Amino acid sequence: MFIILVYDFGQKRVGKALKICRKYLHWVQNSVFEGRISQANLVKIKGELTSLVKPEEDSVIIYTFRSKKYSNREIIGLEKGEVNFMI
């Protein structure tokens, strides 16, 4: 499956969230990640981020797609993260 994950963490936890997301996905932009991921790894990343989240301060949004086939990605301006979907 293909996902887009965005987060908003407090300053003390944002570095840890970044490290977790980079293990599983490709960095696209500040606090934005995307990529193909297995169901097992999706469960792992959700668990790791859930243990980090302070519900009164932080948020994580995950958009899930069955495949990238029906999506379109357009960049206007600087592309911040190099994306390689061949993983």
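Here the structure is a predicted model, which means the values were calculated and not measured. (Residues numbered from 1 in each chain as written. Predicted model: local features only at pLDDT ≥ 70, side-chain atom pairs only at ≥ 80, totals over all residues. Heavy atoms only, no water.)

Student: What exactly am I supposed to notice about the nonpolar core here?
Tutor: General note: in soluble globular proteins, nonpolar side chains tend to be found buried as a group. Among the nonpolar cores identified, the biggest contains 15 residues, and Leu5, Tyr7, Cys21, Leu25, Ile37, Ile45 and Leu49 are the most heavily contacted of them. Sorting the residues of this core by element identifies strand E1 (2–8), helix H1 (14–24) and helix H2 (39–52) as the ones contributing at least two each. Setting aside residues no more than four positions away along its own chain, Tyr7 makes contact with Val14, Ala17, Leu18, Cys21, Ser31, Phe33, Ser59 and Val60. (Core = buried A, V, L, I, M, F, W, Y, C linked by side-chain atoms within 4.5 Å. Buried < 20%, exposed > 50% of the residue type's maximum accessible area, 1.4 Å probe, protein only. Helix = DSSP H or I, 4+ residues; strand = E, 2+ residues; numbered from the N terminus. Contact = heavy atoms within 4.5 Å.)

Student: Teacher, can you tell me more about the pattern of salt bridges here?
Tutor: When charged atoms on two side chains of opposite charge get close, those side chains can pair. Enumeration over the complete set of coordinates arrives at three salt bridges. Of the charged contacts in the structure, one is a salt bridge between Arg13 and Asp58, with a shortest N-O distance of 2.8 Å. Of the two residues, Arg13 is situated in the loop between E1 and H1 and Asp58 in the loop between H2 and strand E4 (59–65); the sequence distance between them amounts to 45 residues. A residue is classified by how much of its surface remains accessible, and Arg13, at 10% relative accessible area, is buried. Take Asp58: its relative accessible area is 8%, and that puts it in the buried class. Lys23 is the salt-bridge partner of Glu48, the closest N and O atoms lying 2.8 Å from each other. With Glu48 in helix H2 and Lys23 in helix H1, this pair connects stretches of sequence that are 25 residues apart. The exposure class of Glu48 is partly exposed, given its relative accessible area of 22%. Lys23 sits in the exposed class, given a relative accessible area of 54%. It is possible to trace a salt-bridge network through shared partners that takes in Arg13, Glu57 and Asp58. (Salt bridge = Lys/Arg side-chain N within 4 Å of Asp/Glu carboxyl O.)

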